[in-house]
Amino acid sequence: MTQGVSRRWPREWAGLAVSVIAVAIVAGVGGVAAARAAESYGRLQQPGWAPPASLFGPVWTVLYALMAVSAWLVWRSQPSRENRIPLAVYGIQLLLNMAWTPLFFGLGWRGTAFIEILVLWGFIAATVMLFWYRSRWAAILLLPYVAWTTYAAVLNFSVWQLNS
């Protein structure tokens, strides 16, 4: 291993740790809100294709891990100045992600949550596009998140309509 590469590794691992911590904070806030919401989820009228509440934890665990690695791949791909906008858009979508569960379950604002998830979807799509130019793997890792959020948006709309 060359000296330049070995010096870079502590910084690389620190960047991954920061990425994982950021996603863990978002997951933690969502998890607290979701734990409180589990009972209300079961009481909501839902379409027949709605997943069981037990599926959300494992799915989000995988999605958050993919998100953390994706952001880390972008962070390490270019000089930091060139990654400011892609990572800022990523950060905005993380905040929007964190806001959805309290809107939908905590406040019961299902219509507002639906609008919010559409905005979230737009920021995720923008993140994928911006990440594509930095690291194709980073963009690809976000595709399951796009798919799940698309599904969640349709489910959000259906539950909102069934419970209005």
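Computed from a predicted model, the values in this text were never measured in an experiment.

1. Here's the deal with the overall build of the protein
Turning to step 1, where the next piece is worked out: Across its full length, the protein carries 6 helices and 0 strands.
Turning to step 2, where the next piece is worked out: Per-residue burial over the protein gives 40% buried out of 164 residues.
Turning to step 3, where the next piece is worked out: The long-range fraction of contacts in the protein, counting pairs at least 24 apart against all pairs at least 6 apart in sequence, stands at 76%.
Turning to step 4, where the next piece is worked out: Of the accessible surface of the protein, which amounts to about 9200 Å², a share of 71% is contributed by carbon and sulfur atoms.

2. Some remarks on the packing of helix α2 (residues 56-77) against helix α3 (residues 80-106)
Turning to step 1, where the next piece is worked out: Here α2 crosses α3 at 160°, and the two axes come no closer than 9 Å. Judged by the inter-axis angle, α2 sits roughly antiparallel to α3. The handedness of the crossing between α2 and α3 comes out as left-handed. Residues W60, Y64, M67, A68, A71, V74, W75 and S77 of α2 lie in contact with α3, whose contacting residues are N83, P86, L87, Y90, Q93, L94 and N97.
Turning to step 2, where the next piece is worked out: Residues belonging to the contact of α2 with α3 are distributed by class as follows: 11 nonpolar, 4 polar and no charged.

The rules behind each value
In this convention, every chain numbers its residues from 1, walking through the sequence in written order. pLDDT decides what is reported in this predicted model: residues at 70 or higher carry local features, side-chain atom pairs at 80 or more are listed and counted, and totals for whole chains, interfaces and linings draw on all residues regardless. Where side-chain values are given, they derive from all heavy atoms of the structure, hydrogens and water being excluded. Strands here are runs of E lasting at least two residues and helices are runs of H or I lasting at least four, both read from the DSSP assignment and numbered beginning at the N terminus. Classification of residues uses two cut-offs on accessible area relative to the type maximum, computed with a 1.4 Å probe and protein chains only: under 20% is buried, over 50% is exposed, and between them is partly exposed. Working rule for contacts: check all heavy atoms of both residues, and any pair within 4.5 Å makes them a contact. Under the convention used here, a 1.4 Å probe and the Shrake-Rupley method define accessible areas, while residue burial counts only the protein chains that appear. Each axis is a line fitted through C-alpha atoms, and for a helix only the stretch in contact is used; angles between axes span 0 to 180 degrees, taken between their N-to-C directions. Any angle between 65 and 115 degrees counts as roughly perpendicular, while under 35 counts as roughly parallel, over 145 as roughly antiparallel, and the rest as oblique. Left-handed describes a crossing in which the near helix is turned anticlockwise from the far one by less than a right angle; the clockwise case is right-handed. Following the grouping adopted for this structure description, the nonpolar residues are Ala, Val, Leu, Ile, Met, Phe, Trp, Tyr, Cys and Pro, the charged ones are Asp, Glu, Lys and Arg, and the polar ones are all others, Gly among them.

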